[in-house]
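Next come the chains, spelled out residue by residue.
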Amino acid sequence: MIYWIWLTQIPQVGPVLSNRLLEKFKTPVEIYRADHEALQLVKGISNRQIEGILCSKSLDKSKEILDMCNKKKISILTNQDSRYPFKAKMLEDAPVILYCQGYFADLSYSVGIVGARRCNQEVKKQCVQITQSYVRQGIPVVSGMAKGIDGCAATVCINEGGYTIAVLGNGLDICYPSEHQLLMDKIREKGLLISEYPPGTRPTRYNFPKRNRLISAWSDKVIIIAPGKGSGALITGDYAKKYGRETEIIA
């Protein structure tokens, strides 16, 4: 597992190139062993990225991350694991590993529910009704555990005995927003927490657009409730369209 973590820690190497490297070399160990000549054969790779790989042969950071995961009971899901939904891992920008807590259910069909962080009671009532309808059909709900609609959808799932996945923009050992600690604990117990960020990663505004893409990637349909202008929920919708997911906006 250390080499999988290593692959995600290389400067200038993101998910798209990581997937191309795995397509060429099959395993992270073989990528680690590859020389300059072999790396040049990878589609779209730049000299800067090749140098980044060749100069990043220390496994110390990867071992530290793995130790933190073991101590904090965080699992690591690779894209070669059968539990990684095919609809998500088939995308060219799918993370090659994800950090997880909780359990995996049948994700053959799932719905993402996201929306406004600040919303009135009428909008929340809409969210409750929509979420309940999917829970009663046994359909998993994916959200970002953010304030407002995301947190509301996850809470309904927990209270109604449904299954929910929360995609975080930080390490799984950090609760953001902090007032969702109890909700996070319940999702960890009764659903699934996932993140592409290792433990210890603080939430930053740069992380959340990437988080939003994973909500879309793990969903077959994305419902956006009362999004504000320029909101992260609309970014989730843009990714959903890019990935060919069904989208529905409820103003």
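Right, let's walk through the structure included here. (Residues numbered from 1 in each chain as written. Predicted model: local features only at pLDDT ≥ 70, side-chain atom pairs only at ≥ 80, totals over all residues. Heavy atoms only, no water.)

1. Remarks on the environment of Pro203
Next, step 1: Relative to the helices and strands, Pro203 resides in the loop between β6 (192-195) and α11 (207-217).
Next, step 2: Remark: the alpha-carbon pair of Pro203 and Pro177, spanning 26 residues in sequence, is separated by 9.3 Å.
Next, step 3: Aside from chain neighbours lying at most four places away, what touches Pro203 is Gly169, Asn170, Ile174, Tyr176 and Phe208. (Helix = DSSP H or I, 4+ residues; strand = E, 2+ residues; numbered from the N terminus. Contact = heavy atoms within 4.5 Å.)

2. Observations concerning unusual backbone geometry
Next, step 1: Here Tyr176 and Pro177 are connected by a cis peptide whose omega angle stands at 0°.
Next, step 2: Mapping Pro177 onto the fold places it in the loop between β5 (164-167) and α10 (181-190).
Next, step 3: Located in the positive-phi region is Gln12, a residue other than glycine, with phi close to 75°.
Next, step 4: Here Gln12 shows up in the loop between α1 (2-8) and α2 (15-25).
Next, step 5: The class for Gln12 is partly exposed, based on a relative accessible area of 44%.
Next, step 6: One non-glycine residue, Ala226, lies in the positive phi region at around 50°. (Buried < 20%, exposed > 50% of the residue type's maximum accessible area, 1.4 Å probe, protein only.)

3. Notes on the nonpolar core
Next, step 1: Counting 38 residues, the largest nonpolar core has Trp6, Leu7, Leu21, Ile53, Tyr99, Met145 and Ile187 as the members making the most contacts within it.
Next, step 2: For this core, the secondary-structure elements that each account for two or more residues are α1, α2, α3 (28-33), α5 (47-54), α6 (60-71), β2 (97-102), α9 (149-159) and α10.
Next, step 3: If you look at the next biggest cluster of nonpolar residues, it comprises 24 residues, including Tyr84, Ala88, Tyr163 and Leu214. (Core = buried A, V, L, I, M, F, W, Y, C linked by side-chain atoms within 4.5 Å.)

4. A short note on the packing of helix α8 (residues 121-136) against α9
Next, step 1: Close contact between α8 and α9 brings their axes to 9 Å; oriented N to C, the two are set at 40°. Considering their axes alone, α8 and α9 lie oblique with respect to each other. As for how α8 packs across α9, the hand of that crossing is right-handed. Judged by residue contacts, Val123, Lys124, Cys127, Val128, Thr131, Gln132 and Val135 of α8 engage Ile149, Cys152, Ala153, Val156 and Cys157 from α9.
Next, step 2: Partitioned by chemical class, the residues of the contact of α8 with α9 number 9 nonpolar, 2 polar and 1 charged. (Axes fitted to C-alpha atoms, helices over the stretch in contact; angles between N-to-C directions. Parallel < 35°, antiparallel > 145°, perpendicular 65-115°, else oblique. Left-handed = near helix turned anticlockwise from the far one by under 90°. Nonpolar A, V, L, I, M, F, W, Y, C, P; charged D, E, K, R; others polar.)

Purely spatial values, then, with no claim about function.
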